[in-house]
Amino acid sequence: MTLFAPLYTSPVISMQVKNEFESQYIHTLFGLRDKHITVIATVFVHNFLGMMRRMEVFQNDLVNDIRRGRIKDDLNISEHVRAELNAQLTPTPERAEEIKNEFAKGFKGIIPRLWPDVKSISGLWSGSTNEMYYKEAKALTGPDVPIVSFIYSASEGFMGSNLECTRPGPPRYTLIPDVMFFEFLPIVNDRIPDLDEINPRELLLSEQLELNKTYEVIITNSSGFYRFRLGDVVRVVGFYQQAPQIEFLFRSGQNLNVNAVKISEEVLFRALREAADRWSSTLKDYTAAGSQFAPSHQGLLDPHFLLFLELDGPVLTEEQTGLVDDILLQQDEEYATFRKLGSIAKIRVYQVQPGAFSRFRAHLLATTDVTADQFKMPRVLKSSDRVDWFLENVRN
């Protein structure tokens, strides 16, 4: 970190602050002071959105701290960290006034107004089911500041590079053939095979892939992972020389399964996205579950999927939310067949309170081992306590 310190606006000492709120506040404060930032870098785009939402809520505190050159007294950080950070702050009332004036104009298109030299926002692409985050982020960046994803990587290693990072739309990653050994499991009709259904002889190599076909990525690497199911489902969208170029779609583990009826998060999201385009309210976030995790074992008697939505706007009617099920019946033949047979009932849609997903994120960060930088909103809930949490936060 010390080697790269000149590249960042925040002092090295800020890395000692582990609590998410305090850390974001400090990075935001030092970032706002520097009018000439060219890149805003984050892990995932929803991390960037979290920072911007907090900026809006605490805008007065940030302006005051920049004006007086001192961190607010009630920020929960140690005294030695506070002292060192304050030593690197100086009163900048002119910049504080500029920021205050831009805040007063609203947050639509605020990024280039706060930082006229900014060239891009960088963050990992986490699949089409997170595209609502990108839509919200674009409202902040405006049309001239691209959101780019430079690399395709995971905890298991670096796998690919986006050679056309300024290209509109989802990123196209070119797989690097010598970083690890890639194999691919064909995905047919959006169905993810169980482990005991996979025939190793059916796995394909990079040169056997076909354009516009969908595959699950299997890797073998030098760290000891042998034919490891990475969980990434990708679509081949081109070739660079002989290396496949892929678009990340979704995680294979995020599947809904009720009474032997299975649908992937991608299939559900396609129906949800189409329905949301017809709503008067904007979709902000969502998650789903199988009724076997609902209270009173109702899933055993009346199997169905539960869908929890956070919306920006008025409460939708039952007819409006019912569009999700109607569209899914049209798009997924297997789901429609099981509905006719009575194996599964209509999706039950619950609209949760504003801010519910932010609170759920805070709940998971406080009660699990996941870190804020690596957090991904679960699109499928697989425990009763998490389903109960959302049911307790349903909007009236």
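Preceding block: the structure.
Cut-offs applied
Residues numbered from 1 in each chain as written. Predicted model: local features only at pLDDT ≥ 70, side-chain atom pairs only at ≥ 80, totals over all residues. Heavy atoms only, no water. Helix = DSSP H or I, 4+ residues; strand = E, 2+ residues; numbered from the N terminus. Rg over C-alpha atoms; globule rule 2.2 N^0.38 Å. Areas by Shrake-Rupley, 256 points an atom, 1.4 Å probe, with all protein chains shown as cover. Lys, Arg positive; Asp, Glu negative; His and termini not counted. Charge placed at Lys NZ, Arg CZ, Asp CG, Glu CD. Pairing = 2+ DSSP bridges. Axes fitted to C-alpha atoms, helices over the stretch in contact; angles between N-to-C directions. Buried < 20%, exposed > 50% of the residue type's maximum accessible area, 1.4 Å probe, protein only. 1 Å grid on protein atoms, 1.4 Å probe; cavity = no way out; pocket = protein on both sides within 12 Å on 5 of 7 lines; lining within 4 Å. Points joined across faces, edges and corners; volume = space filled by probe spheres on them. Nonpolar A, V, L, I, M, F, W, Y, C, P; charged D, E, K, R; others polar. Core = buried A, V, L, I, M, F, W, Y, C linked by side-chain atoms within 4.5 Å. Contact = heavy atoms within 4.5 Å. Phe/Tyr/Trp six-rings, centres within 6.5 Å; stacked < 30°, edge-to-face > 60°. Lys NZ or Arg CZ within 6 Å of the ring centre and 35° of its normal. Salt bridge = Lys/Arg side-chain N within 4 Å of Asp/Glu carboxyl O.

Trainee: Lay out the overall build of the protein chain in plain terms, naming residues and giving numbers.
Mentor: The helix and strand tally for the protein chain stands at 14 helices and 16 strands. Against the 2.2 N^0.38 benchmark of 21 Å for 396 residues, the protein chain shows a C-alpha radius of gyration of 23 Å, consistent with a compact globule. Counting every atom, the protein chain has about 19,800 Å² of accessible surface; 52% of that belongs to carbon and sulfur. Charged side chains of the protein chain number 43 positive and 52 negative; the gap between the two group centres comes to 3 Å.

Trainee: I'd like a description of the sheet that holds strand 5 (residues 157-162), backed by residues and values.
Mentor: Ordered in space as 4-5-6-10-9-8-7, the seven strands form an open sheet in which the pairing is antiparallel. In this open sheet, the two edge strands, each paired with only one partner strand, are strand 4 (151-154) and strand 7 (181-186). Strand-to-strand twist across the sheet, computed as the mean angle between neighbouring axes with direction ignored, equals 45°. Where strand 9 (residues 228-240) and strand 10 (residues 243-251) come together, eight bridges link them in antiparallel fashion. Residue pairing for strand 10: Gly238 is matched across the bridge by Gln245.

Trainee: Just give me the short version of unusual backbone geometry, but keep the residues and values in it.
Mentor: Phi angles above zero are rare outside glycine, and Gln241 is one such case at about 55°. For Gln241, a relative accessible area of 70% puts it in the exposed group. A positive phi is found at Asn259, a non-glycine position, where the angle reads about 55°. Its location among the elements puts Asn259 in the loop between strand 11 (255-258) and strand 12 (261-264). Its relative accessible area of 48% is what places Asn259 among the partly exposed residues.

Trainee: Hey, could you go over empty space enclosed by the protein for me, with residue numbers and the actual values?
Mentor: On inspection of all chains with the given rule, the structure shows one cavity of 30 Å³ or more. Roughly 40 Å³ of internal volume is contained in the largest cavity. What lines the largest cavity is Phe21, Tyr25, Thr28, Met51, Arg54, Met55 and Leu62. Among the elements of the structure, helix 1 (20-33) and helix 2 (45-57) are those that each provide at least two residues to the lining of the largest cavity. Split into classes, the residues belonging to the lining of the largest cavity amount to five nonpolar, one polar and one charged.

Trainee: So what's going on with the nonpolar core? Which residues, and what values?
Mentor: Of all hydrophobic cores here, the largest spans 105 residues; its most connected members are Met55, Ile111, Tyr152 and Trp279. Residues within four places of Met55 in sequence aside, it is in contact with Thr28, Leu32, Leu62, Phe103, Phe107, Leu114 and Trp115.

Trainee: Help me get a handle on the environment of Asp373, residues and values and all.
Mentor: When you line up the elements, Asp373 lands in the loop between helix 13 (356-367) and strand 16 (380-381). The partly exposed category is assigned to Asp373, whose relative accessible area is 46%. Note: C-alpha distance between Asp373 and Phe182 (191 residues apart in sequence) is 27 Å. When sequence neighbours within four positions are dropped, the list of residues in contact with Asp373 reads Val43, Phe44 and Asn47.

Trainee: Outline the sheet that holds strand 2 (residues 120-124), supporting the account with residue identities and numerical values.
Mentor: Spatially, three strands are ordered 1-2-3 in an open sheet, and the strand pairing comes out parallel. Each end of this open sheet is capped by a strand with a single partner; those strands are strand 1 (39-44) and strand 3 (147-148). Two strands pair when backbone bridges link them, and strand 2 and strand 3 are joined in this way by two bridges, in the parallel orientation. From the neighbouring strand, Ser122 faces strand 3, where its bridge partner is Val148. This element, helix 2, spans strand 1, strand 2 and strand 3 of the sheet and lies at about 115° to strand 1.

Trainee: Quick one: what's the story with helix 7 (residues 131-141), residue by residue and with numbers?
Mentor: What helix 7 keeps buried is the set Met132, Tyr133, Tyr134, Ala137, Leu140 and Thr141. In the core, the buried residues of helix 7 are packed alongside helix 2, helix 6 (110-114), strand 2, strand 3, helix 8 (265-276) and strand 13 (282-290). Of the residues one or two after helix 7, Gly142 is the one with positive phi, at around 80°.

Trainee: Please give an account of the packing of aromatic side chains that cites residues and values.
Mentor: Here the structure, examined in full by the defined rule, presents 15 aromatic pairs. With 6.3 Å between their ring centres and 20° between their planes, Phe182 and Phe184 make a pair best called stacked. Each member of the pair Phe182 and Phe184 is classed as buried. Geometrically, the ring pair formed by Phe305 and Tyr335 is stacked, given 6.3 Å between the ring centres and 20° between the ring planes. Here Phe305, found in strand 14 (residues 305-312), pairs with Tyr335, found in helix 12 (residues 333-341); they are 30 residues apart in sequence, far enough to count as distant. We classify Phe305 as buried; its relative accessible area is 2%. Pairwise contacts between aromatic rings join Phe308, Tyr350, Phe357, Phe360, Trp389 and Phe390 into one cluster. We note Lys72 situated over the ring of Tyr25; from NZ or CZ to the ring centre the distance is 4.9 Å.

Trainee: How would you sum up the pattern of salt bridges? Please name residues and give values.
Mentor: Side chains that differ in sign of charge can pair as their charged atoms come close. Taken as a whole and assessed by the stated rule, the structure comprises 22 salt bridges. Between Glu210 and Lys213 there is a salt bridge; the shortest N-O distance is 3.3 Å. Glu210 gets classed as partly exposed once you look at its relative accessible area, which sits at 45%. On the accessibility criterion, Lys213 (41% relative accessible area) is partly exposed. A salt bridge links Arg339 to Asp325; its shortest N-O distance comes to 2.4 Å. In this pair, Arg339 is assigned in helix 12 and Asp325 in helix 11 (residues 323-331), connecting sequence segments 14 residues apart. Judged by its relative accessible area of 23%, Arg339 is partly exposed. The buried category is assigned to Asp325, whose relative accessible area is 2%. Via salt bridges that share partners, Lys35, Arg95 and Glu98 belong to a single interconnected network.

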